Amino acid sequence: MYRIVIFFCAILLVVIELLFFEFNYIFIVVLCLICLRILCTKSICIVNICLIWCLGCITYIFNYYQCSKSREIKQELSVKNQHILVYADNIKVNGDLLTLTGRWLEGKQQICTYYYLKSKAEQNYFKKQINSDVYTVTGKIKGISPPTNENEFDYKKFCQSKKIYNGLTVKHISLENNKVPSKYKLLCELHDLRKSIICYLQLFPKYLRGYSTALIVGYRDDGFDDVNSSIKELGLLYLFSLSGMHVFYLVRILQKLAQILRITAETVDMWLIICLPIYMILAGSSSSIIRAVFMVWIPIFSRYFLSIKIDKLTSWSLTIIINLLYSPMILFTMGMQLSYLLTLVLILNEEENSIKIGIKMSGYSIPLMLWHTYQWNVLTTFLSICIIPIFEYIILPFTIIGVLLNVFSKISNTILFLISIFFEKLADSSLMITFGKPYLTVVILLLSLMICLEVSRRKNVIIYLQVLVYIFSYSQIHRNKDELVYFDIGQGDATLIREKNNNQVILVDTGGKVSFKHEKWRSRVSQTSGERVIVNYLLSKGINSIDKLYLTHQDADHVGNFPSISQKIKIKKILVPLGMEKLSSFNKRLNESNICNDKVVEPITDTSDFSKERIDILHPFVEGKGKNEDSIVLKYTMGRLIFLITGDLDQENEIKVIEKYPDLRCDILKVGHHGSKTSTADQFVKILKPQYAIISVGLNNRYGHPNIETLRTLNANGIPYLMTSDKGMIKVVNVSKDKFFMSTKYGKILIRK
């Protein structure tokens, strides 16, 4: 009976946490079904235990939530001479950006620390740092901001899964050695050892290095990103979600060696009880490693100390309870979800052959993959059948052999190279389906149907239902009303026009970061805001191509993200102001992009004919050099609502536009040049008479945008304005012929025409 009770307790904890942190009515339905199943056991003991457990979980989670909220600093706080304990393996150097994840001793909590390195010598110091240390820092601390765009990666939730609630931007850091508190010395030694192992593994050839650091110490090697990307595109992320699989093999090898050496099982158990938690720290303590270690450790511990034999399902249940009680927010990470769900599938299907297990793992993983990544590869199901044997008999053995026996490192690297090439070739086969992000209800329904498939006799009916759900969900995602989206892209500009049923997808500018000339060592490698914000949003809506990309002018904050976006999203046509196509800066970006055909680029002026579309080009009038005064001015009509996008057009040319088009009116004006005083002339606003003004601007930007002069002009003309720095993404949707909704993260505004 205890086996059933513990399993029910684990599932109840999962659902209660989902309800508490991400309230949704579908979770209430799931909870009711679980409670009904518990009642069907007709065991008063089971019902009472589960009821008490639920009350205890609710109390615990509520207290955890209150405690985490109290630790989050709402207003920016200046701190001086604070001490941060940083483990050696938590030091990350990316160009001139130093990221230290450590313990804030005065604040008694984990914290992310960011520091801009002043010199190459300082960079080298931290790159070579192999010892944990306490740093004295001065700077500003604030809670981590949530995402401001729909379907943007939730960095705040990611940090919360690691029990981190605040970020510290450092102005000054002292490199003088401070004394490490005695209670942290053992942990420091273990993390120093992990850093040493990472440094050792970095000496191996590329592919052996990549797999060994990922599997043995849970470290992501930056030079291995191309392989990681291929694995992700093939929908095989659970390859590393199940990476704790090697823990089971290592334990088996040790137990067999012990038998050969005639060491007693009790002695081996005692050493495993001590060593497995140590290895968990050395392996990075990811959710998959925690799961793998505890699923091995709990049965050994119970057998050694309690003389109780625990089966795999009970071990799984206890492990997920321990993991979620320690860090509830880890439940929302894809790695945790895949790791525990697919391990449960393996446990419940031990007697099945590898083909059936592969198909089932694919069936369970696809809904979660679509929820998190919005895409699915046609090859995923096929690969799910053969990936476990490949992982079990090729990747793991050759990784371990290559690391332990230096003589075989080159052979192992070659074999792992061939496996990686196999993944890369399959990923390049263009069999990726951009499904979009399904509703949460659909994800739960698909997972429920997989469970029904396990127990139902009418398996064909269940399979037909699954296919229908996928088809219905796909059609719903790809059926949309007209919408116009102003992205919160920071100090930049990017606007998406998406016509009904994705008939035409138009992007106006891409955002980007203004880069200044700097020394080579300062260069950073990271995702652009175009990938994090624009690409994520497009993929979540089932869009993998842009029909037209308008680049209003040459400034990096309008076009800088164009190359990185083109690597993920196909761009059919690029329209630029006449003359900009000749600029070396533009052609350099074009060469960096995924566009090979120069015919894709079309220079335009206000004489360009788009009569069959709802777009009118009002500027430029003549050939220019892609400067602010040459910006494209775009008029878009959605139903009876008129939008105007002006790039960075200056006031002088704004006047010229209304002089040429005296009847020009608009309902929503995209304020030029991020609200700079060089744009938005009073006469221009008076003629246009917009209902609302949108200002795309970065929070606390160095330029002081929007300028007070611009805001005074808008206020004097009685025009309410919305800033992306304040409201986040701003979306306008055509609900009916004369009814529109303007939505932000704070709610909706009804616009009537």
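This is a predicted model, so every value here is computed, not measured. As a convention, each chain's residues are numbered from 1 in the sequence order in which they are written. Whole-chain, interface and lining totals are the exception, using all residues; otherwise, since this is a predicted model, local features are given only for residues with pLDDT of at least 70 and side-chain atom pairs are given and counted only at 80 or more. Note: side-chain values were computed over all heavy atoms of the structure, leaving out hydrogens and water.

S.K.: What is the right way to read the overall build of the protein chain from this model?
M.R.: Along its length, the protein chain carries 27 helices and 24 strands. The globule rule used for comparison is 2.2 Å times the number of residues to the exponent 0.38, while the radius of gyration itself is calculated over C-alpha atoms. Radius of gyration (C-alpha) of the protein chain: 29 Å, near the 27 Å computed for a compact globule of 753 residues. In terms of principal-axis extent, the alpha carbons of the protein chain reach across some 95 × 65 × 50 Å. Whether a residue is buried, partly exposed or exposed follows from its accessible area with a 1.4 Å probe, protein chains only, as a fraction of its type maximum: under 20%, in between, or over 50%, in that order. Counting over 753 residues, the protein chain shows a buried share of 53%. Secondary structure elements are taken from DSSP: a helix is a run of H or I of four residues or more, a strand is a run of E of two residues or more, and numbering for both begins at the N terminus.

S.K.: How do you make sense of the pattern of salt bridges when you look at a structure like this?
M.R.: Opposite charge on two side chains permits pairing when their charged atoms draw close. Any Lys or Arg side-chain nitrogen located within 4 Å of an Asp or Glu carboxyl oxygen qualifies as a salt bridge. Scanning the model with the defined rule gives 27 salt bridges in all. The closest approach of N and O atoms between Glu-519 and Arg-522, which form a salt bridge, is 3.7 Å. Glu-519 gets classed as partly exposed once you look at its relative accessible area, which sits at 48%. Residue Glu-652 is joined to Lys-656 by a salt bridge in which the shortest nitrogen-to-oxygen separation is 3.8 Å. Of this pair, Glu-652 and Lys-656 both sit in helix H24 (residues 651-660), four residues apart, which is roughly one turn of that helix.

S.K.: So what exactly am I meant to see when it comes to the environment of Leu-201 here?
M.R.: Locating Leu-201 in the fold gives a position in helix H6 (residues 185-201). Here Leu-201 falls in the buried class, since its relative accessible area comes to 1%. Along the primary structure Leu-201 and Lys-69 are separated by 132 residues, whereas in three dimensions their C-alpha atoms are 39 Å apart.

S.K.: Where do I start with a nonpolar patch on the surface in this structure?
M.R.: Residues enter a patch when their relative accessible area is above 30% and they make no salt bridge; the linking distance is 9 Å between like charges and 5 Å between nonpolar side chains (Val, Leu, Ile, Met, Phe, Trp, Tyr). We get accessible surface area from the Shrake-Rupley algorithm with a probe of 1.4 Å; when it comes to residues, only the shown protein chains can shield them. A grouping of Tyr-2, Met-270, Trp-271, Ile-274, Ile-278, Phe-301, Tyr-304, Phe-305, Leu-306 and Ile-308 is seen on the molecular surface, where their side chains present a nonpolar patch of about 940 Å² in accessible area. Among the elements of the structure, helix H11 (265-282) and helix H12 (287-306) are those that each provide at least two residues to the nonpolar patch. Inspection of the secondary structure puts Leu-306 in helix H12.

S.K.: Looking at this model, I keep getting lost on the pairing of strand S8 (residues 483-486). Mind explaining?
M.R.: Every other side chain in a regular strand lies on the same face of the sheet, so the side chains alternate between the two faces. Burial along S8 is two-sided: the face carrying Glu-483 and Val-485 and the face carrying Leu-484 and Tyr-486 are both buried. Paired strands, in this sense, are two strands between which DSSP finds at least two bridges. Here S8 pairs with strand S9 (residues 495-498) via four bridges, running antiparallel. Residue Tyr-486 lies in a different strand from S9, and its bridge partner there is Thr-495. Pairing analysis gives four bridges linking S8 to strand S22 (residues 730-736), with the strands arranged antiparallel. In the sheet register, Leu-484 faces S22, and the bridge partner there is Val-732.

S.K.: Looking at this structure, how should I read the sheet that holds strand S19 (residues 668-670)?
M.R.: Adjacent strands of a sheet pair through backbone hydrogen bonds, lying either parallel or antiparallel. One open sheet holds the six strands; their spatial order is S16-S17-S18-S19-S20-S21, and the pairing between them is mixed. Among the strands making up the open sheet, the edge pair consists of strand S16 (615-619) and strand S21 (721-723). Neighbour to neighbour, the strand axes of the sheet diverge by 20° on average, direction disregarded. Two elements, S16 and strand S17 (residues 633-638), share four bridges in a ladder whose sense is antiparallel. Pairing of Ile-615 across the sheet is with Tyr-636, part of S17. Angles shown run from 0 to 180 degrees and are taken between the N-to-C directions of axes, each axis being a line fitted to C-alpha atoms and, for helices, limited to the stretch in contact.

S.K.: Help me understand the sheet that holds strand S15 (residues 601-604), please; the structure alone is not making it clear to me.
M.R.: Taken in spatial order, the nine strands of this open sheet run S15-S14-S12-S10-S9-S8-S22-S23-S24, and their pairing is mixed. Across the chains shown, the open sheet's two edge strands, defined by having one partner strand only, are S15 and strand S24 (747-752). In this sheet, neighbouring strand axes are inclined to one another by 20° on average, regardless of whether the strands run parallel or antiparallel. Bridge count between strand S23 (residues 739-744) and S24: six bridges; the pairing is antiparallel. Residue Met-742 lies in a different strand from S24, and its bridge partner there is Ile-749. The sheet contacts of helix H20 (residues 529-540) involve S8, S9, strand S10 (505-508) and S22, and relative to S9 the element is tilted by about 10°. Here a residue-residue contact requires only that any non-hydrogen atoms of the pair lie within 4.5 Å.

S.K.: Looking at this structure, how should I read the packing of helix H18 (residues 440-455) against helix H19 (residues 459-477)?
M.R.: The packing of two helices is summarised by the inter-axis angle and the distance between the axes. At their nearest, the axes of H18 and H19 sit 9 Å apart, and the two run at 165° to each other. Relative to H19, the element H18 lies roughly antiparallel. Note on packing geometry: the crossing formed by H18 with H19 is left-handed. Between H18, through Val-442, Leu-445, Leu-446, Leu-449, Met-450, Cys-452, Leu-453 and Glu-454, and H19, the contact on the second element is made entirely by Lys-459, Ile-462, Ile-463, Leu-465, Gln-466, Val-469, Tyr-470 and Ser-473. Of the residues that constitute the contact of H18 with H19, the class distribution is 12 nonpolar, two polar and two charged. Angle categories are assigned with fixed cut-offs, so that under 35 degrees is roughly parallel, over 145 is roughly antiparallel, 65 to 115 is roughly perpendicular, and the rest are oblique. Rotating anticlockwise by less than a right angle from the far helix to the near helix defines a left-handed crossing, while the corresponding clockwise rotation defines a right-handed one. Three classes are used: nonpolar for Ala, Val, Leu, Ile, Met, Phe, Trp, Tyr, Cys and Pro, charged for Asp, Glu, Lys and Arg, and polar for all others, with Gly counted as polar.

S.K.: Help me understand the packing of aromatic side chains, please; the structure alone is not making it clear to me.
M.R.: Each aromatic ring pair is described using two quantities: the centre-to-centre distance and the angle formed by the ring planes. The aromatic pairing rule takes the rings of Phe, Tyr and Trp, using the six-membered ring of Trp, and pairs them if the centres are within 6.5 Å, calling planes under 30 degrees apart stacked, those over 60 edge-to-face and the rest tilted. According to the stated counting rule, one finds 23 aromatic pairs in the structure shown. Each residue in the set Phe-294, Trp-297, Phe-301, Tyr-304 and Phe-305 is aromatic and connected to the rest through ring pairs, giving one cluster. A positively charged side chain is recorded as over a ring if its NZ (Lys) or CZ (Arg) lies within 6 Å of the ring centre. The angle to the ring normal must also be within 35 degrees. One Lys or Arg, Lys-157, reaches over the ring of Phe-332 and ends 4.8 Å from the middle of that ring.

S.K.: Looking at this structure, how should I read H11?
M.R.: Every α-helical turn comprises 3.6 residues, leaving residues that sit three or four positions apart pointing alike. The span one expects for a helix is its residue count, reduced by one, times 1.5 Å. With 18 residues, H11 ought to run about 26 Å at 1.5 Å a step, and its terminal C-alpha atoms sit 25 Å apart, in line with that. Note that bend, as reported per residue, equals the angle between axes fitted to the 7 residues terminating at that residue and the 7 residues originating from it. Most pronounced at Cys-275, the bend in H11 amounts to some 30°, and the proline Pro-277 follows within four residues. If you check which residues of H11 are buried, you get Val-268, Asp-269, Leu-272, Ile-273, Leu-276, Tyr-279, Met-280, Ile-281 and Leu-282. Phi turns positive, to about 100°, at Gly-284, one or two residues after H11.

S.K.: What is the right way to look at helix H2 (residues 25-40) in this model?
M.R.: Given a rise of 1.5 Å per residue, 16 residues ought to cover 22 Å, and the 23 Å separating the end C-alpha atoms of H2 matches this to within 8%. Every buried residue belonging to H2 is among Ile-26, Phe-27, Leu-31, Ile-34 and Ile-38, and all of these are buried. Taken around the axis of H2, the buried residues stretch over an arc of 140°, which confines them to a single face. Exposed positions of H2 whose direction lies more than 90 degrees from the buried face are Tyr-25, Leu-33 and Leu-39. Buried positions along H2 lie against helix H1 (2-21), helix H3 (44-71) and H18. Throughout this description, a polar contact denotes any pair of N or O atoms lying within 3.5 Å of each other; where both atoms belong to protein, one of them has to be capable of donating a hydrogen while the other can accept it, and for residues adjacent in sequence the pair is counted only when both atoms sit in side chains. The N-cap of H2, judged by a side-chain oxygen 2.9 Å from the amide nitrogen of Ile-26 a few residues on, is Asn-24. After H2 finishes, the residue Lys-42 shows a positive phi value of roughly 60°. Along the arc lie the directions from the helix axis toward the C-beta atoms.

S.K.: Please explain the packing of helix H7 (residues 206-216) against helix H17 (residues 409-427) as it appears in this structure.
M.R.: Between H7 and H17, whose axes approach to 7 Å, the crossing angle comes to 80°. When the interaxial angle is binned, H7 and H17 end up roughly perpendicular. Counting all contacts with H7, which are made through Lys-206, Tyr-207, Leu-208 and Tyr-211, the residues of H17 involved are Ser-409, Ser-412, Asn-413, Leu-416, Phe-417, Ile-419, Ser-420, Phe-423 and Glu-424. The residue makeup of the contact of H7 with H17, split by class, is seven nonpolar, four polar and two charged.

S.K.: Got a minute to help me understand unusual backbone geometry in this structure?
M.R.: Excluding glycine, a negative phi dihedral is what most residues carry, and trans is how most peptide bonds are arranged. The amide bond that connects His-619 to the next residue, Pro-620, takes the cis arrangement and shows omega of 10°. Here Pro-620 is to be found in the loop between S16 and S17. Across the junction of His-705 and Pro-706, the peptide omega takes the value -5°, indicating a cis bond. Tracing the chain through its elements places Pro-706 in the loop between strand S20 (692-695) and helix H26 (708-716).

S.K.: I tried to follow the environment of Phe-158 on my own but got confused; where do I start?
M.R.: Tracing the backbone shows Phe-158 in helix H5 (residues 155-161). The sequence separation of Phe-158 and Thr-333 amounts to 175 residues, and the corresponding C-alpha distance is 7.1 Å.

S.K.: Help me understand the nonpolar core in this model?
M.R.: The nonpolar side chains of soluble globular proteins are, as a tendency, buried together. The set of buried Ala, Val, Leu, Ile, Met, Phe, Trp, Tyr and Cys residues whose side-chain atoms join them within 4.5 Å is what this entry labels a nonpolar core. Ranked by internal contacts, the top residues of the largest apolar core, which has 44 residues, are Leu-234, Ile-395 and Phe-423. It is helix H16 (residues 380-404) that provides the largest number of residues to this core, a total of eight residues. One finds Leu-12, Leu-13, Ile-61 and Leu-324 within the second-largest nonpolar core, a separate group that totals 41 residues.

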